[in-house]
Amino acid sequence: MQSHTEAHAIKLRDLPLMLRLKQNAIVLHSELGLTEDARGQNSALLSSIVFPRELHTLIAQHDGKNVVGQFRYRPGEANAHIVYLAPTLDDEDEDTIWLHILDAMAEQAGKNEAQTLVGEVELSHRLFETMRRAGYAVYSRQVIWRRPPLTDAAKADVLVTGETDADQIGIAALLGCTIPRILHTVLEPSTDMAGLVYRKDGQVEAYLAFSEGGHGVYIMPFLHPEVLSDAAAIVAAAMRRIDRCRKLPIYVCVRGYQGWLENAMLDLGFSPWLEQAVMVKHLTAGVRQTTFESVKLATSGGQKPAATLRMVGAEDLRKSRLGRAVNGKERG
């Protein structure tokens, strides 16, 4: 009997199936996943069914199985970003239908003129290998550090201020010299993130992009190596400027080329929480439907949990050394 695969944009009649599948989703967009409920039934992300301007939701069906995928894309930007896939891909599953939903999202993102499709996934997760099969490359490693809300209101040792139009040239110069050139278009902060600036001798030496939501605060620090000795004080000052840092968990994303920030995170009471690969697929016009073979990988253990990524301890992180990519040559 011949296999049949179909993928289409989600419709209202698919809503009950979507809600059921989302309860076992894997979130591939850390900023959204850690600040908002990307999978909950009452999430604003469900508005994509009726108002699909930025969020695009598709469903793939193959031999009686269903997978939902959602990506976010803003017209005019270079990158589209996968928000989630549901259900998560477990070790005992054949990955054919997940390959098809990844291909369908790439096709749709390409039609919307995105140049790349990006997802953040745990290196040891089964989906990592599936995404490589689907044409994704690892552009960077990153660790999400986590700490509880601030409990003190001590005065900051350094001054950080909200970004202004006058700071944009300085911020662009800082990003240009701190992000490896080949990674610029993929790893810069999203345009909807707010920002705080630290200046030294009149120059922008640190930029801290952040997002706030009902579930947490997500910070992406960009610090010039020359302010290494002030790194902990700069991040601490930024946290004190963000009101929700006193109420919600705080997450800081440290990319592989910023491994020198590890000690500052430990000094500020953060613990390494999630370890991820930033995976990127370059898109071209007229993506054709791809045929995938069924593949089932052997597994030696039980079912993998639905959580996006594994927890990592400080000792584990020191052994693997996030700094292995400090030289910026992480592509591939």
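Placed above this text is the structure.
What counts as what
- Residues numbered from 1 in each chain as written.
- Predicted model: local features only at pLDDT ≥ 70, side-chain atom pairs only at ≥ 80, totals over all residues.
- Heavy atoms only, no water.
- Helix = DSSP H or I, 4+ residues; strand = E, 2+ residues; numbered from the N terminus.
- Buried < 20%, exposed > 50% of the residue type's maximum accessible area, 1.4 Å probe, protein only.
- Contact = heavy atoms within 4.5 Å.
- Phe/Tyr/Trp six-rings, centres within 6.5 Å; stacked < 30°, edge-to-face > 60°.
- Lys NZ or Arg CZ within 6 Å of the ring centre and 35° of its normal.
- Lys, Arg positive; Asp, Glu negative; His and termini not counted.
- Salt bridge = Lys/Arg side-chain N within 4 Å of Asp/Glu carboxyl O.
- Polar contact = N/O pair within 3.5 Å; in protein donor to acceptor, adjacent residues only side chain to side chain.
- Core = buried A, V, L, I, M, F, W, Y, C linked by side-chain atoms within 4.5 Å.
- Pairing = 2+ DSSP bridges.

Next up on the list: the overall build of the chain. Of the regular secondary structure elements, the chain holds 9 helices and 13 strands. Counting every position in the chain, which comprises 332 residues, the buried fraction comes to 53%. Residue pairs in contact within the chain that sit at least 24 positions apart in sequence constitute 78% of those at least 6 positions apart.

With that settled, consider the packing of aromatic side chains. Inspection of every chain in the model, using the stated rule, returns 1 aromatic pair. The interplanar angle of 40° and the centroid separation of 5.4 Å between the aromatic rings of Tyr251 and Trp273 together place this pair among those described as tilted. Taken together, the residues Tyr251 in strand 12 (residues 250–255) and Trp273 in strand 13 (residues 271–282) connect sequence positions 22 residues apart. Classification of Tyr251 as buried rests on a relative accessible area of 6%. By relative accessible area, which is 23% here, Trp273 ends up partly exposed. The side chain of Arg146 reaches across the aromatic face of Trp273, ending 5.6 Å from its centre.

Summarising the element assignment, Glu31 is placed in helix 2 (residues 30–35). Buried charge without a salt bridge: Glu31, with Arg72 as the nearest opposite-charge side chain at an N-O distance of 4.3 Å. In terms of polar contacts, Glu31 uses its side chain to reach the side chain of Ser211, at 2.6 Å. The contact partners of Glu31, leaving out residues within four places of it in the chain, are Arg72, Ser190, Asp192, Met193, Ser211 and Tyr218.

Here the focus is the nonpolar core. Leu85 and Leu117 are the most contacted members of the largest nonpolar core, which totals 32 residues. Of all the elements in the fold, those that place two or more residues in this core are strand 3 (55–62), strand 4 (65–72), strand 5 (79–86), helix 3 (96–111), strand 6 (116–121), helix 4 (126–133) and strand 13. Setting aside chain neighbours within four positions, we find Leu117 in contact with Phe71, Ala80, His81, Ile82, Met105, Ala106, Ala109, Tyr136, Met279, Val280, Lys281 and Leu283.

Moving on, we get to the pairing of strand 4. Put simply, side chains in a regular strand alternate between the two faces of the sheet. Counting buried residues in strand 4 gives 6 out of 8 residues, a clear majority hidden from the surface. Pairing geometry for strand 3 and strand 4, over 8 bridges, is antiparallel. Each bridged residue has a counterpart across the sheet, and for Leu58 the counterpart in strand 4 is Gly69. Between the antiparallel neighbours strand 3 and strand 4 lie 2 residues, among them Asp63 with a positive phi of about 50°. Pairing between strand 4 and strand 5: 5 bridges, direction antiparallel. Considered in strand 5, the bridge of Gln70 is made with Tyr84.

With the exception of glycine, most residues fall at negative phi, and the peptide bonds are largely trans. Across the junction of Ala86 and Pro87, the peptide omega takes the value 0°, indicating a cis bond. For Pro87, the location among the structural elements is in the loop between strand 5 and helix 3. One non-glycine residue, Glu113, lies in positive phi territory at about 75°. One can find Glu113 in the loop between helix 3 and strand 6. The class of Glu113 is exposed, set by a relative accessible area of 65%.

Judged by how many residues are buried, strand 10 (residues 203–212) sits mostly within the fold: 8 of 10 residues are covered. Connecting strand 9 (residues 194–200) to the antiparallel partner strand 10 that follows it, the hairpin turn spans 2 residues, and Asp201 within it adopts a positive phi of roughly 55°. Note that strand 10 and strand 11 (residues 217–223) share 7 bridges and pair antiparallel. Residue pairing across strands places Ala206 opposite Leu223, the latter belonging to strand 11. Turn length for the strand 10-strand 11 hairpin, with the two strands adjacent in sequence and antiparallel, is 4 residues.

Purely geometric numbers; function is a separate question.
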